[in-house]
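Each chain, letter by letter, is given below.
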Amino acid sequence: MSRLPIAVSMGEPAGVGPELALMAWRRRTPDLPFYLLADPALMRERARLVGLDVPIEATDEAGAATAFTRALPVVPLDNAARVEPGQPDVAAAAAVIEAIDRGVAAVHDGLARALVTAPIMKEVLYRAGFAHPGHTEYLGVLAQRHWGGEPEPVMMIWSELVAVVPVTVHIPLAAVPSALSEDLIVRTGTIAAADLRSRFGIASPRLAVAGLNPHAGEGGALGEEDIRIVAPAVERLRRAGIDARGPLPADTLFHARARRGYDVALCMYHDQALAPAKALAFDEAVNVTLGLPFVRTSPDHGTAFDLAGTGRADPSSFLAALTLADRLSR
Ligand SMILES: NC(=O)c1ccc[n+]([C@@H]2O[C@H](COP(=O)([O-])OP(=O)(O)OC[C@H]3O[C@@H](n4cnc5c(N)ncnc54)[C@H](O)[C@@H]3O)[C@@H](O)[C@H]2O)c1
Ligand SMILES: N[C@H](C(=O)O)[C@H](O)COP(=O)(O)O
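None of these values were measured; they are calculated from a predicted model.

With that settled, consider the packing of aromatic side chains. Per the counting criterion, the structure on display carries 4 aromatic pairs. Between Trp147 and Phe294 the ring centres are 5.0 Å apart and the planes differ by 15 degrees, which places this aromatic pair in the stacked class. Placement of the pair is Trp147 in helix H6 (residues 135–147) and Phe294 in the loop between strand S11 (286–290) and strand S12 (296–299), with a sequence separation of 147 residues. When its relative accessible area of 32% is taken as the criterion, Trp147 is described as partly exposed. Phe294 sits in the buried class, given a relative accessible area of 3%. Here the guanidinium or amino end of Arg28 rests over the ring plane of Trp25, the centre of that ring lying 3.6 Å away.

A separate point is the environment of Pro5. Looking at where Pro5 falls in the secondary structure, it is placed in the segment before strand S1 (6–9). Residue class for Pro5 comes out buried when judged on its relative accessible area of 4%. Separated by 271 residues in sequence, Pro5 and Pro276 place their C-alpha atoms 33 Å apart. Those residues in contact with Pro5 that lie beyond four places of it in its chain are Pro33, Phe34, Tyr35, Glu61, Ala64, Ala65, Leu111, Ala112, Arg113 and Ala114.

Mapped onto this numbering, the UniProt entry gives "binding site: substrate" (unreviewed entry) at His135, Thr136, Lys278, Asn287 and Arg296. As for its placement among the helices and strands, Thr136 is situated in helix H6. Since its relative accessible area comes to 6%, Thr136 is described here as buried. Relative to the assigned elements, Lys278 resides in helix H11 (residues 270–281). When residues no more than four places from it in sequence are discounted, the contact partners of Lys278 are Asp300 and His301.

Looking now at the environment of Asp300. One can find Asp300 in the loop between S12 and helix H12 (316–328). Each C-alpha atom of the pair Asp300 and Ala313 lies 13 Å from the other, and the pair is 13 residues apart in sequence. Not counting the four nearest positions on each side in its chain, Asp300 is found in contact with Ile157, Lys278, Ala281, Phe282, Ala285, Val286, Asn287 and Ser317.

Now for helix H2 (residues 40–50). Of all the residues in H2, the buried ones are Pro40, Leu42, Met43, Arg46, Ala47 and Val50. Down the axis of H2, the sector holding all buried residues measures 155 degrees, keeping them to one side. Contacts from the buried residues of H2 go to helix H1 (17–26), strand S2 (34–38), strand S3 (56–58) and strand S4 (72–76). Two or three places before Ala41, at the start of H2, stands the capping residue Asp39, its side-chain oxygen 2.7 Å from that residue's backbone nitrogen.

We note that the domain assignment places domain 1 (1–153 + 292–330) and domain 2 (154–287) within the chain. Here domain 1 and domain 2 have C-alpha centroids that lie 29 Å from each other. Contact between domain 1 and domain 2 buries roughly 1,700 Å² in total, counting both sides, with carbon and sulfur atoms accounting for 50%. Applying the counting criterion to the domain 1 and domain 2 interface returns 1 salt bridge. Across the pair Glu152 and Arg187 runs a salt bridge whose closest N-O atoms are separated by 2.6 Å. On the surface where domain 1 and domain 2 come into contact, there are 6 residue pairs in polar contact (both at pLDDT 80 or more). Sorting the residues of the side of domain 1 that touches domain 2 by element identifies H6, S12 and H12 as the ones contributing at least two each. Considering every element that reaches the side of domain 1 that touches domain 2, the biggest residue donor is H12, with 7 residues. Here the residues of the side of domain 1 that touches domain 2 are counted per class, giving 11 nonpolar, 6 polar and 7 charged.

Reading the values: rules and limits
- Residues numbered from 1 in each chain as written.
- Chains lettered and ligands numbered in written order.
- Predicted model: local features only at pLDDT ≥ 70, side-chain atom pairs only at ≥ 80, totals over all residues.
- Heavy atoms only, no water.
- Phe/Tyr/Trp six-rings, centres within 6.5 Å; stacked < 30°, edge-to-face > 60°.
- Helix = DSSP H or I, 4+ residues; strand = E, 2+ residues; numbered from the N terminus.
- Buried < 20%, exposed > 50% of the residue type's maximum accessible area, 1.4 Å probe, protein only.
- Lys NZ or Arg CZ within 6 Å of the ring centre and 35° of its normal.
- Contact = heavy atoms within 4.5 Å.
- UniProt positions renumbered as here; feature names shortened; annotations may be inferred.
- Arc of directions from axis to C-beta.
- Polar contact = N/O pair within 3.5 Å; in protein donor to acceptor, adjacent residues only side chain to side chain.
- Domains from an automatic or database assignment.
- Buried area = accessible area lost by both parts, 1.4 Å probe.
- Salt bridge = Lys/Arg side-chain N within 4 Å of Asp/Glu carboxyl O.
- Nonpolar A, V, L, I, M, F, W, Y, C, P; charged D, E, K, R; others polar.

Encoded structure:
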């Protein structure tokens, strides 16, 4: 009995996602079948362009695991996605979104174990009317549509070296102070602790909560948010039984000795979390969405248009995303 496959959404077809899927199939292991939601003709063209001898087999979700042994299974999309590498086209936006939609539906309907999403170009989707900051928020909407409830998706960039969670994500830096609240930090920390327990098997997750301001506000002299917002949030997390510390100065949170003191760093904004995580583990780190009723991972990088179509993109993070999705969905 072949294992239920992992669904992979193609992401932005002008990006590196399609060729990373080709590379991943060439490094496949029989116990980790996956299929790609994409355009089979585009995949054949991309394989020829980058010189990868990968047979492409159009199939459906039910036939994917069997096809995987002989070819990269591609479940064809209804919407067209014929673009050139490095040249994103808003005309392909419907196909990009369809691939995500169908991946989530396949997991909900028991046709796939988990979803790995190849990188999207947010700006192109925004131009096509996509009303969500990125995958993370959109997957929360899809989760509610299929599973009900009020899922609150939380982004975590995870690697064996470091795990980070940005409390605020895809908003302008200038908007961060006003977007921060005690409730948002508490909700984010609670979801992170719960998933680290349930999905990662960490019995008592240790949360290091970064301050917003330099030196965590220096007693208020360098900003009041750490006293008014972050410290009370940490206190509430602790009262709820979560091992949280902070607000901690972010500039000394990521060296090796500091990292030994926590399981996840809760950071106040996107780059405060992602810059150190990608500096430390760019090729190993995985973007995993917590707070969802299903497993979703993604490589920790984007569409890499400067590399698309060259075959020079490094597939390590994409492979790590597949491996982590497999581990979390067993
Ligand atoms: N998970 C996602 O969907 C996701 C993640 C990050 C960025 N993005 C989107 O991707 C687009 C481009 O974003 P960006 O330029 O900030 O980041 P990017 O990750 O696409 O590229 C940044 C740099 O990293 C390099 N790089 C990226 N992936 C690589 C790989 N696999 N191997 C070797 N080098 C690699 C690129 O060549 C580039 O120099 C944006 O639209 C952004 O929103 C999507
Ligand atoms: N901030 C993420 C990163 O830099 O890796 C990326 O944009 C992914 O976001 P979504 O998974 O929400 O698309």
